[in-house]
Amino acid sequence: VDRIVEQLLQFIQSYDLNGLLEYWGYLERRLFSRLEDVYRPTVNKLKTSLFRYYLVCTVQSSRTDKAQDFFQKQAPELQNQAEWKEWFALPFLPAPDANPTFSTYFSRQWADTFTVSLHNFLSVLFQCMPVPTILSFDMEYQRILQIQEENEALRQKVSICGE
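Basis of the calculations
- Residues numbered from 1 in each chain as written.
- Predicted model: local features only at pLDDT ≥ 70, side-chain atom pairs only at ≥ 80, totals over all residues.
- Heavy atoms only, no water.
- Helix = DSSP H or I, 4+ residues; strand = E, 2+ residues; numbered from the N terminus.
- Rg over C-alpha atoms; globule rule 2.2 N^0.38 Å.
- Buried < 20%, exposed > 50% of the residue type's maximum accessible area, 1.4 Å probe, protein only.
- Contact = heavy atoms within 4.5 Å.
- Areas by Shrake-Rupley, 256 points an atom, 1.4 Å probe, with all protein chains shown as cover.
- Expected span 1.5 Å × (residues − 1).
- UniProt positions renumbered as here; feature names shortened; annotations may be inferred.
- Domains from an automatic or database assignment.
- Axes fitted to C-alpha atoms, helices over the stretch in contact; angles between N-to-C directions.
- Parallel < 35°, antiparallel > 145°, perpendicular 65-115°, else oblique.
- Nonpolar A, V, L, I, M, F, W, Y, C, P; charged D, E, K, R; others polar.
- Core = buried A, V, L, I, M, F, W, Y, C linked by side-chain atoms within 4.5 Å.
- Phe/Tyr/Trp six-rings, centres within 6.5 Å; stacked < 30°, edge-to-face > 60°.
- Lys NZ or Arg CZ within 6 Å of the ring centre and 35° of its normal.

- The protein is annotated in an unreviewed UniProt entry as ARMC9 CTLH-like domain-containing protein of Aquarana catesbeiana.

What follows is the structure, given as structure tokens:
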């Protein structure tokens, strides 16, 4: 979980939008797609927050070109979502951190809360997921060896008692 969160944050800090999108897509295909539908809203909220965190980082570091690039690439997906309507103006605002709509997202507390929430969600996800078959093979093999050893010990007990 630590490495996943670290990788996502690294993509954000290096303004690697393609890497961020590909990695999130990979997580959706490999992990989130296996979740029950009840978790879909949480995954969507985390994705929205991840994208917003990316945008805030681009604006804070005066990389509005990266913010504009984000909207050019993501506009088809985001333009019909009500929670994104106001965000399209973000790269063009002179002081978005002072704007009531966006000020919360520019606080250290929001960034920390988002990071902890993402980490906690992934931690719970990994705890609840079944062990992949390939990993359970060794556990099963060890269990069989233990049973065989117990059987051998019982045979020796029986043969000693029978003599």
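Still more to cover.
## Regarding the overall build of the protein
- If you tally the helices and strands in the protein, you get six helices and zero strands.
- Ordering the α and β elements of the protein from the N terminus gives α-α-α-α-α-α.
- Rg of the C-alpha trace for the protein: 25 Å, well past the compact-globule value of 15 Å for 163 residues, more than 25% over.
- Considering only C-alpha atoms, the protein reaches an extent of 95 × 30 × 25 Å along its principal axes.
- For the protein, buried positions account for 33% of its 163 residues.
- For the protein, contacts bridging at least 24 residues in sequence account for 58% of all contacts bridging at least 6.
- Split by element, the accessible area of the protein, about 10,900 Å² in all, is 53% carbon and sulfur.

## What to know about helix 3 (residues 40–60)
- Compared with an ideal rise of 1.5 Å per residue, which puts 21 residues at 30 Å, helix 3 spans 30 Å between its outermost C-alpha atoms and is within 8% of the ideal.
- Buried residues dominate helix 3, accounting for 15 of its 21 residues.
- Immediately beyond the C-terminal end of helix 3, within one or two residues, lies S62, with a positive phi of roughly 60 degrees.

## Comments concerning the UniProt feature "domain: ARMC9 CTLH-like" (unreviewed entry) in the protein
- Following the UniProt record, one finds the feature "domain: ARMC9 CTLH-like" (unreviewed entry) at residues 7–128.
- For residues 7–128, the end-to-end C-alpha separation is 22 Å, with 64% helix and 0% strand making up the annotated structure.

## Re the domain arrangement of the protein
- Here the protein is partitioned into domain 1 (1–129) and domain 2 (132–162).
- Relative to domain 2, the C-alpha centre of domain 1 lies at a distance of 50 Å.

## Quick word on the packing of helix 3 against helix 4 (residues 64–78)
- Viewed as axis vectors pointing N to C, helix 3 and helix 4 meet at an angle of 150 degrees, and their least axial separation amounts to 8 Å. Between helix 3 and helix 4, the crossing angle belongs to the class labelled roughly antiparallel. Each of K47, F51, Y54, L55 and T58 in helix 3 lies in contact with helix 4, whose residues at this interface are T64, K66, A67, F70, F71, Q74 and E77.
- The class makeup of the residues in the contact of helix 3 with helix 4 is six nonpolar, three polar and three charged.

## Quick look at the nonpolar core
- Residues W24, F32, L55, F70 and W87 are the most contacted members of the largest nonpolar core, which totals 41 residues.
- Mapped by element, the contributors of at least two residues to this core are helix 1 (2–13), helix 2 (17–30), helix 3, helix 4 and helix 5 (108–128).
- Leaving out residues up to four positions away in the same chain, L55 has contacts with A67, F70, F71, W84, W87 and L90.

## Thoughts on the packing of aromatic side chains
- Counted by the stated rule, this structure contains 17 aromatic pairs.
- Ring centres of F32 and F121 lie 6.1 Å apart, and the angle between their planes is 50 degrees; this geometry places the pair in the tilted category. Residue F32 is found in the loop between helix 2 and helix 3, and its partner F121 is found in helix 5; the two are separated by 89 residues along the sequence. As far as the burial class goes, F32 and F121 line up, both buried.
- The ring centre of W84 lies 5.0 Å from the NZ or CZ of R52, which sits over that ring.
- Looking at R63, its charged tip hangs above the ring of Y15, at a distance of 5.3 Å from the centre.

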